Amino acid sequence: MPAHPTPETQAITDLARLRETVAAWRAAGDRVVLVPTMGALHRGHLALIAHARTLGERVVASIFVNPTQFGPSEDFARYPRDAASDLALLAQAGTDAAWMPEAAAMYPPGFSSRIEVGGLTEGLCGAFRPGHFSGVATVVTKLLNQVRPDAALFGEKDFQQLQVIRRAVADLDLDVAIHGMPTIREADGLALSSRNRYLAPAERATAPKLHAVLSDIAAQARDGGETAPAIARGIAALEAAGFAVQYLAVCDAATLAPLARVDGPARVLAAAYLGKTRLIDNVAV
Ligand code: PAF
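Residues numbered from 1 in each chain as written. Predicted model: local features only at pLDDT ≥ 70, side-chain atom pairs only at ≥ 80, totals over all residues. Heavy atoms only, no water.

A. View of the overall build of the protein. Looking only at helices and strands, the protein features ten helices and nine strands. For 285 residues, the compact-globule estimate of 2.2 N^0.38 gives 19 Å, and the protein sits close to it at 19 Å. In terms of principal-axis extent, the alpha carbons of the protein reach across some 55 × 40 × 40 Å. When each of the 285 residues of the protein is scored for burial, the buried share is 51%. Taking the intrachain contacts of the protein between residues at least 6 apart in sequence as the baseline, contacts between residues at least 24 apart amount to 72%. As displayed, the protein has an accessible area near 12900 Å², and 55% of this comes from carbon and sulfur atoms. Of note, the protein has its 27 positive side-chain charges centred 2 Å away from the centre of its 29 negative side-chain charges. (Helix = DSSP H or I, 4+ residues; strand = E, 2+ residues; numbered from the N terminus. Rg over C-alpha atoms; globule rule 2.2 N^0.38 Å. Buried < 20%, exposed > 50% of the residue type's maximum accessible area, 1.4 Å probe, protein only. Contact = heavy atoms within 4.5 Å. Areas by Shrake-Rupley, 256 points an atom, 1.4 Å probe, with all protein chains shown as cover. Lys, Arg positive; Asp, Glu negative; His and termini not counted. Charge placed at Lys NZ, Arg CZ, Asp CG, Glu CD.)

B. Geometry of the packing of aromatic side chains. All told, the structure shown has five aromatic pairs when counted by the stated rule. Joined through ring pairs, the aromatic side chains of Phe-64, Tyr-107 and Phe-111 make up one cluster. The ring centre of Tyr-198 lies 4.0 Å from the NZ or CZ of Arg-78, which sits over that ring. Over the ring of Phe-76 we find Arg-81; its NZ or CZ atom is 4.8 Å from the centre of that ring. (Phe/Tyr/Trp six-rings, centres within 6.5 Å; stacked < 30°, edge-to-face > 60°. Lys NZ or Arg CZ within 6 Å of the ring centre and 35° of its normal.)

C. Spatial organisation of the sheet that holds strand S8 (residues 266-274). Read from one edge to the other, the open sheet built from three strands follows the order S7-S8-S9, with strand pairing classed as antiparallel. The outermost strands of the open sheet, each flanked by one partner alone, are strand S7 (244-252) and strand S9 (277-284). Ignoring which end each strand starts from, the neighbouring axes of this sheet average 10° apart. With eight bridges connecting them, S7 and S8 associate as antiparallel partners. Residue pairing in the sheet places Ala-244 in a bridge with Tyr-273 of S8. (Pairing = 2+ DSSP bridges. Axes fitted to C-alpha atoms, helices over the stretch in contact; angles between N-to-C directions.)

D. Quick look at helix H1 (residues 15-27). Helix length check: H1, at 13 residues, gives a terminal C-alpha distance of 18 Å against a target of 18 Å (1.5 Å per residue), a fit within 8%. Those residues of H1 not exposed but buried are Leu-18, Thr-21, Val-22 and Trp-25. Buried residues along H1 cover an arc of 90° about the axis, so they all sit on one side. In H1, those exposed residues whose orientation departs by more than 90 degrees from the buried face are Glu-20 and Ala-27. Phi turns positive one or two residues past the end of H1, at Gly-29, with a value near 90°. (Expected span 1.5 Å × (residues − 1). Arc of directions from axis to C-beta.)

E. Fine view of the state of the cysteines. Going through the model one piece at a time under the given rule, you end up with zero disulfides. Cys-125 supplies the cysteine sulfur nearest to Cys-251, a cysteine that is in no disulfide, at a spacing of 11 Å. (Disulfide = S-S within 2.5 Å.)

F. Structural view of the sheet that holds strand S1 (residues 10-12). Spatially, S1-S4-S3-S2-S5-S6 is the arrangement adopted by the six strands of the open sheet, whose pairing is parallel. The sheet is open, and its two borders are formed by S1 and strand S6 (177-181), each paired with just one other strand. Put simply, the sheet's adjacent strands are angled 25° from each other on average, direction ignored.

G. Up close: the packing of helix H2 (residues 43-55) against helix H3 (residues 83-93). Taken N-terminus to C-terminus, the directions of H2 and H3 make an angle of 35°; their axes are 10 Å apart at the nearest point. Relative to H3, the crossing made by H2 is right-handed. Residues Leu-46, Ile-49 and Arg-53 of H2 form the contact with H3, whose participating residues are Leu-89, Leu-90 and Ala-93. Considered class by class, the residues forming the contact of H2 with H3 number five nonpolar, no polar and one charged. (Left-handed = near helix turned anticlockwise from the far one by under 90°. Nonpolar A, V, L, I, M, F, W, Y, C, P; charged D, E, K, R; others polar.)

H. Focus on the site of the ligand. Close to the ligand lie Pro-36, Thr-37, Met-38, Asn-66, Gln-69, Val-139, Val-140, Phe-154 and Gln-161, which account for all nearby residues. Between an oxygen atom of the ligand and a side-chain N or O atom of Gln-69, the distance comes to 2.6 Å. Contact distances for the ligand include 2.7 Å between an oxygen atom and a side-chain N or O atom of Gln-161. With the chains in place, 89% of the 290 Å² that the ligand exposes on its own is no longer accessible. (Near = heavy atom within 4 Å. Polar contact = N/O pair within 3.5 Å; in protein donor to acceptor, adjacent residues only side chain to side chain.)

I. Quick look at the confidence of the model for the protein. The predicted model of the protein averages 96 in pLDDT, with 98% of residues at 70 or higher. Below pLDDT 50 for its whole length, residues 1-6 participates in ten contacts with residues either more than four positions away or in separate chains. (pLDDT = per-residue confidence, 0-100.)

J. Expanded view of the packing of helix H9 (residues 209-222) against helix H10 (residues 227-241). Close contact between H9 and H10 brings their axes to 10 Å; oriented N to C, the two are set at 165°. Classified by the angle their axes make, H9 and H10 are roughly antiparallel. For the pair H9 and H10, the sense of crossing is right-handed. Mapping the contact onto sequence places Lys-209, Leu-210, Val-213, Ile-217, Gln-220 and Ala-221 in H9 and Thr-227, Ala-230, Ile-231, Arg-233, Gly-234, Ala-237, Leu-238 and Ala-241 in H10. Along the lines of polarity and charge, the residues of the contact of H9 with H10 split into nine nonpolar, three polar and two charged. (Parallel < 35°, antiparallel > 145°, perpendicular 65-115°, else oblique.)

The following block contains the structure:
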């Protein structure tokens, strides 16, 4: 793996230069696709880049560990950062530019605006991470305004985030197509996540249980029975395996409202701690 980006991936840290670069592509008739990330890239991100390349001639990946979406006791300070490795992976994946703004430029003194998305953000992760989705919606809106892409791609692993972004984009009339992409998993079912690297070996061995339990609940919900007993059994199974469950719910796939029975598109979603690592996952019913 090269230690530095190949010449094809420009690392851009200055907004004026980003805008000039994108304007030149547009003038040449190229469509621009954005893949927002917080770095610590893995195969899930690379799958987004690969799909982005099918949607436009130019692909921009943003790398920005956004401080405003982390709570005071969360992992902002220790969130993995490895720009050299990220840039090498982006180059290999055929990314045209890496947009890497400085925090001081994203949030200069006096910055005081937030995007608040109601409803969708109240339950699930929103109930345990106050301010998180406002931080996400604000930074994603800024990234979309900075890059002005034709399309932007997000993983379904962060399913609530994806729905919140879709809502904000629709509500604010942002002229961009949002694409959700299926979760990429390890062979044993564990959803790829930059935070998986926090897991100790014994935790890593236990972690795929989360996906197994969600898949079981999805199968039971698909049969049309009440969701509550399946959820209770799922929580018990996870706790027996060593997880501390924050939530486990069967929800309408669009509104994220909890469902007592499934009669349309639905999703089983959960967040649980394994030791100090918070894992989230979801599967379609
Ligand atoms: O999913 C992520 O990596 C982040 O929440 C995002 C969308 C890049 C916003 O910071």
